[in-house]
Amino acid sequence: MYTSPIRLLAFDLDGTVLNDQKQLTPRTLAALTAAAERGVALVPATGRTAAGLPAALLALPGVRYAITSNGARVMDLAAGRALRELYIPRAAALAAYDILAKYDCLADLFQDGAGYTTEAHRAAAARFVPENLRAYVLNTRQVVPDLRAFIAGQARGIEKLTVFFLSEDERRRAWAEVAALGVDVVSSLPLNMEVNAAGVDKGAGLLALAGALGLSADALMAIGDGGNDTAMLRAAGLGVAMGNAFPEVKAAADFITADNNADGAARAVERFILGRAGADV
C-alpha cells in the first residue's frame, strides 16, 4: 500500500484551494478529506486573518492549525490560542498608515484575529476591491471610527495592514516607501499590498508550527499561488505552485500543478499524498 511521507499539508486559500468564485470544489474537498483520513494535518496558510477562514474549510477533518496573516499568527484553532505572534510595532504601523494615506488606495487592518475598517472604507470597497473578494472583505471587517486612532491604541502593535490599489504605479511607489520602514511587504494578488512585521512570512510560520509538532521539513508539503506563498514553498520539503501562480512562486516550486479553476490543488494532493498512479499535477 502506498504511504506518503507527507504529514502536514499547508495550503493557501485564494487562488489555490478556492476557485475564482471562492468555492471549495467537490474534487478539492474530496482530496483534502482523503488526505486527512490518512493522518495528514491540513493547515490553511493564508494572508487572511482567522475570521476570514471559510466555514467549509474549518469543518474538514484534520484542520486544527492555521497560519494566518501571512504568518503573523500561527493558530491552534481547537484551543483558540496563538502558538506564535509577531506584530508590526505600533510606531512602524502608524508610519506605514500615514504613508498609505498619501496614495489612492484602501487600507484596512487585522488585529488579534479580526479585521477592522471604517464606514468610509466600506463604502470605497466597491471601487478598490476585486468583485470576487468583495463579499469576503465586507463580511470580515468590524467598523471603527478611525483606523489611525485604533492603531495608536494598540500597545502590542498591529497584526497586519492589507491594502488595495487601482494603479500599479501607485502601488510601486507606496511599496518602496513602506518597505523602507523595515517592515515586510508582500502581495497575494495584482494591485494588492500586505504589510507585516519584519521576519513574518508563511515559510517562517510553517517551520514554527512544524517544530512545535516535531515534524521535519521533509514531512511538509505546501501549495500556493501568490507572492506571499514563495517563502512557504521554499520552506516545505515539497513545494507546489498553482498554474495561475506568480512567476516567482513557480520559480520557487518543486512542481507546478493546474490552475485554481481546474482543481490544481486537488490534483497535487492526489498525486503526492494519495499516490494515485497517473494523477496529473
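Each remark here, short or long, concerns the structure printed above.
Residues numbered from 1 in each chain as written. Predicted model: local features only at pLDDT ≥ 70, side-chain atom pairs only at ≥ 80, totals over all residues. Heavy atoms only, no water.

Enquirer: Outline the overall build of the protein chain, listing residues and values.
Expert: In terms of helices and strands, the protein chain carries 11 helices and 14 strands. The C-alpha atoms of the protein chain give 18 Å as radius of gyration, which agrees with the globular expectation for 281 residues (19 Å, within 12%). Structurally, the protein chain occupies a C-alpha span of about 60 × 35 × 30 Å along its principal axes. Sorting the 281 residues of the protein chain into buried and exposed places 57% on the buried side. Of the roughly 11,000 Å² of accessible surface on the protein chain, a fraction of 53% belongs to carbon and sulfur atoms. For the protein chain, the distance from the average site of its 27 positive side-chain charges to the average site of its 30 negative ones is 3 Å. (Helix = DSSP H or I, 4+ residues; strand = E, 2+ residues; numbered from the N terminus. Rg over C-alpha atoms; globule rule 2.2 N^0.38 Å. Buried < 20%, exposed > 50% of the residue type's maximum accessible area, 1.4 Å probe, protein only. Areas by Shrake-Rupley, 256 points an atom, 1.4 Å probe, with all protein chains shown as cover. Lys, Arg positive; Asp, Glu negative; His and termini not counted. Charge placed at Lys NZ, Arg CZ, Asp CG, Glu CD.)

Enquirer: How would you explain the pattern of salt bridges if you had to name every residue and give the values?
Expert: Two side chains that carry opposite charge are able to pair once their charged atoms sit near each other. Taken as a whole and judged by the stated rule, the model has 18 salt bridges. Notably, a salt bridge pairs Arg 27 with Glu 270, separated by 2.8 Å at the nearest N-O pair. Taken together, the residues span a long stretch of sequence, with Arg 27 in helix H1 (residues 26-37) and Glu 270 in helix H11 (residues 264-272) at a distance of 243 residues. Residue classification places Glu 270 among the buried residues on the basis of a relative accessible area of 8%. For Asp 108, the salt bridge goes to Arg 141, with nearest N and O atoms at 3.4 Å. Of this pair, Asp 108 sits in strand S6 (residues 105-111) while Arg 141 sits in strand S8 (residues 141-143); the two residues are 33 residues apart in sequence, bridging distant segments of the chain. The class of Asp 108 is buried, set by a relative accessible area of 4%. Classification of Arg 141 by relative accessible area gives buried; the value is 9%. Three or more residues joined by partner-sharing salt bridges are found here, namely Arg 73, Glu 85, Asp 112 and Arg 156. (Salt bridge = Lys/Arg side-chain N within 4 Å of Asp/Glu carboxyl O.)

Enquirer: Could you give an account of helix H8 (residues 202-213), with specific residues and numbers?
Expert: The end-to-end C-alpha distance of H8, which contains 12 residues, comes to 16 Å, matching closely the 16 Å that a straight helix rising 1.5 Å per residue would cover. Turning to H8, its buried residues are Lys 202, Gly 203, Gly 205, Leu 206, Leu 209 and Ala 210. In an axial view of H8, the angular spread of the buried residues amounts to 160°, which keeps them on one side of the axis. Turned more than 90 degrees away from the buried face of H8 sit Gly 211 and Ala 212, all of them exposed. (Expected span 1.5 Å × (residues − 1). Arc of directions from axis to C-beta.)

Enquirer: Kindly report on the environment of Asn 261, identifying the contributing residues and their values.
Expert: Checked against the element boundaries, Asn 261 lands in the loop between strand S14 (255-256) and H11. Given the relative accessible area of 44%, Asn 261 is considered partly exposed. Expressed as a C-alpha distance, the spacing of Asn 261 and Thr 25, which sit 236 residues apart in the sequence, is 9.0 Å. Setting aside chain neighbours within four positions, we find Asn 261 in contact with Asn 19, Asp 20 and Gln 21. (Contact = heavy atoms within 4.5 Å.)

Enquirer: Break down the sheet that holds strand S4 (residues 73-76) for me, with residues and values.
Expert: Across the sheet, three strands lie side by side as S3-S4-S5; this open sheet has antiparallel pairing. In the strand order of this sheet, the two ends are held by strand S3 (65-68) and strand S5 (81-85), each with one partner. Sheet twist, expressed as the mean angle between neighbouring strand axes with direction ignored, is 20°. In this structure, S4 lies alongside S5, joined through four bridges in antiparallel fashion. Each bridged residue has a counterpart across the sheet, and for Asp 76 the counterpart in S5 is Arg 81. Across the sheet, H8 touches S3, S4 and S5, and the angle it forms with S3 is around 155°. (Pairing = 2+ DSSP bridges. Axes fitted to C-alpha atoms, helices over the stretch in contact; angles between N-to-C directions.)

Enquirer: Describe the packing of aromatic side chains, naming the residues involved and giving the relevant values.
Expert: Applying the stated rule across the entire model yields two aromatic pairs. Note on Tyr 116 and Phe 150: the rings are 4.5 Å apart at their centroids and 35° apart in plane angle, and the pair reads as tilted. In this pair, Tyr 116 sits in strand S7 (residues 114-117) while Phe 150 sits in helix H6 (residues 147-152), placing the two residues 34 residues apart along the sequence. This pair shows no difference in class: Tyr 116 is buried, exactly as Phe 150 is. (Phe/Tyr/Trp six-rings, centres within 6.5 Å; stacked < 30°, edge-to-face > 60°.)

Enquirer: Now, about the packing of helix H3 (residues 90-100) against helix H7 (residues 168-179): what can you tell me, with residues and values included?
Expert: Here H3 crosses H7 at 160°, and the two axes come no closer than 10 Å. Compared by their axis directions, H3 and H7 come out roughly antiparallel. Considering only the axes of H3 and H7, their crossing is right-handed. Contacts from Ala 96, Ile 99 and Leu 100 of H3 reach H7 at Ala 174, Glu 177 and Val 178. A breakdown of the residues in the contact of H3 with H7 according to their chemical character gives five nonpolar, no polar and one charged. (Parallel < 35°, antiparallel > 145°, perpendicular 65-115°, else oblique. Left-handed = near helix turned anticlockwise from the far one by under 90°. Nonpolar A, V, L, I, M, F, W, Y, C, P; charged D, E, K, R; others polar.)

Enquirer: Lay out the pairing of strand S12 (residues 220-224) in plain terms, naming residues and giving numbers.
Expert: By the criterion of burial, S12 is predominantly enclosed, with five of the five residues buried. Of the two faces of S12, the one carrying Leu 220, Ala 222 and Gly 224 and the one carrying Met 221 and Ile 223 are both buried. Of the strand pairs in this sheet, S12 and strand S13 (residues 238-241) are connected by four bridges, and their pairing is parallel. Bridging across to S13, Gly 224 finds its partner in Ala 241. Crossover connection from S12 via helix H9 (residues 230-235) to parallel S13: handedness right-handed. (Right-handed = clockwise from strand over helix to strand, strands pointing away.)

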